[in-house]
Amino acid sequence: MKRVLFVLLTPVWLAVVFLVVFRLTFPSDALVSRASYEVANATGGTMALQMASATPAWMGLTGHELLLSSVEEGVATPVLAVEKVKVAGGLMSLISGSPSVGGYARFGDGRLNFDTTIAGDDAGVYDMRALDVDAQGFPLSALPPIQGTKILGTGGFDLVVDLDVPDGYAKSNGRASLSGANIELSGVSGDMNAIVTGFGILPATLQNLDLEFEIREGKAEVRRGTLVSSLADVTIEGDIVLTNRLSNSRLRLDLVIDAKEPLQGIASMMASAKWDTDEKYHYELRGNFNRPSFSPARNRTASRTRPRPASRPSRRGRNNADDEPEVAAPRGSQATRDRAQAAREQLRLRGGQTTGIERAGGVLDGPNILGDGPSVPGQNEGDTAEPAADPEEAGE
């Protein structure tokens with residue numbers, strides 16, 4: 001009996017000893033330092049990760065009290081605080097060479113589940129190839145502070161991300177959505193609380209939030225973008241151009257705000273964004289995730305054409321009173337002029353007889369004499385030709 005107990009208890013004892021020793025000798029500080037280095041290296045030094053401790057988990061690791069900050073000119077600004085993150089890998093995926101890593105992140109009462117696939121290249125560098133994120137009924141109260149400001153209220157929202165990353169985020173495909181209903185906003189914390197309270201825009205109710213992006217070849221285009229609240233109805237359009245470094249992704253979003261009565265108190269501050277065409281406020285969100293720019297949008301429906309300047313008069317018409325170009329008088333053909341000259345020579349041969357036309361000093365090119373076209377003014381412009389006299393009277 002003693003031998004049986006010894007055989008059964010020995011493996012248990014060895015396992016307990018192994019776990020105790022492994023826990024006591026676990027290189028927590030080394031893993032924390034390594035995680036911080038990897039985040040800084042992946043973001044080019046624009047993000048920094050702080051972690052209180054790391055403990056072993058079954059086929060994985062658990063990190064406690066994580067703080068993600070953005071770094072600019074050596075100054076770190078807190079962006080995201082996470083109470084606990086657990087990461088575990090699948091045994092079969094490790095054998096296949098494409099590790100699948102799953103886990104969750106806990107934010108107070110909120111939990112966000114994730115699953116990602118990692119693959120390496122010939123140089124031994126591993127990158128993410130797929131990402132799935134799911135958070136159902138994530139409470140508003142569990143949202144971490146953003147830029148030092150925390151939103152206070154009750155209710156929750158759903159977050160879904162399904163992303164395929166074959167060759168970096170710039171070539172990714174998938175979809176992402178954020179939705180929620182009946183969310184009560186009571187206020188904000190930090191320095192913004194005094195500003196929000198002073199304008200009297202809170203508390204407010206967010207009746208419906210529906211935002212969905214379709215991602216194709218690294219371009220996340222808004223498919224549905226509506227926000228209905230007691231303050232305003234907001235429509236969101238545009239897209240986000242993803243880059244392999246997500247913090248540099250380009251924002252190209254347009255927001256149309258239909259303000260309601262509670263927001264009229266700050267309408268004067270939004271006057272530059274109001275369009276006369278629809279009496280709504282139009283804004284555009286540009287820049288990138290690191291440096292977003294929110295400004296009034298230009299009215300694209302307004303006419304962009306300028307009045308054309310009056311056409312310059314031609315050189316011929318600048319001396320006319322009405323600045324219209326002068327039209328040259330038509331002239332007969334060369335054959336017509338030759339026949340007219342021959343007619344004048346015949347008149348001279350008839351003993352010096354002249355016509356009334358010659359007495360008036362008009363030397364015609366010939367159209368009137370031969371009936372071949374309109375008459376043309378003579379050489380002395382402004383002279384008025386007298387009616388031609390009868391040839392017999394001229395001979396008297």
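Residues numbered from 1 in each chain as written. Predicted model: local features only at pLDDT ≥ 70, side-chain atom pairs only at ≥ 80, totals over all residues. Heavy atoms only, no water.

Draft legend 1. Quick look at the overall build of the protein chain. Across its full length, the protein chain holds eight helices and 15 strands. Counting every position in the protein chain, which comprises 396 residues, the buried fraction comes to 27%. Considering only contacts in the protein chain between residues 6 or more positions apart, those separated by 24 or more positions represent 43%. When the accessible surface of the protein chain is totalled, it reaches about 26,000 Å², and 56% of it is carbon and sulfur. (Helix = DSSP H or I, 4+ residues; strand = E, 2+ residues; numbered from the N terminus. Buried < 20%, exposed > 50% of the residue type's maximum accessible area, 1.4 Å probe, protein only. Contact = heavy atoms within 4.5 Å. Areas by Shrake-Rupley, 256 points an atom, 1.4 Å probe, with all protein chains shown as cover.)

Draft legend 2. Representation of the nonpolar core. Core analysis: the largest hydrophobic core is formed by 53 residues, its most contacted members being Phe107, Leu163, Phe213, Ile240, Ile257, Leu263 and Tyr281. Examining the composition of this core, we find that six residues originate from one element, strand 10 (residues 204–216), more than from any other. (Core = buried A, V, L, I, M, F, W, Y, C linked by side-chain atoms within 4.5 Å.)

Draft legend 3. Quick peek at the packing of aromatic side chains. Applying the stated criterion across every chain yields a total of three aromatic pairs. Here Phe107 and Phe138 contribute two aromatic rings whose centre-to-centre distance is 5.5 Å and whose plane-to-plane angle is 70°, an arrangement assigned as edge-to-face. Within this pair, whereas Phe107 is found in strand 4 (residues 100–107), its partner Phe138 is found in strand 6 (residues 126–139), the two being separated by 31 residues in sequence. Each member of the pair, Phe107 as well as Phe138, is classed as buried. (Phe/Tyr/Trp six-rings, centres within 6.5 Å; stacked < 30°, edge-to-face > 60°.)

Draft legend 4. Representation of the side chain of Ser69. Looking at where Ser69 falls in the secondary structure, it is placed in strand 2 (residues 60–72). Among the residues examined, Ser69 registers a relative accessible area of 5% and is labelled buried. With residues up to four places along the chain from it excluded, the contact list for Ser69 reads Thr46, Met47, Ala48, Ala76, Thr77, Pro78 and Val79.

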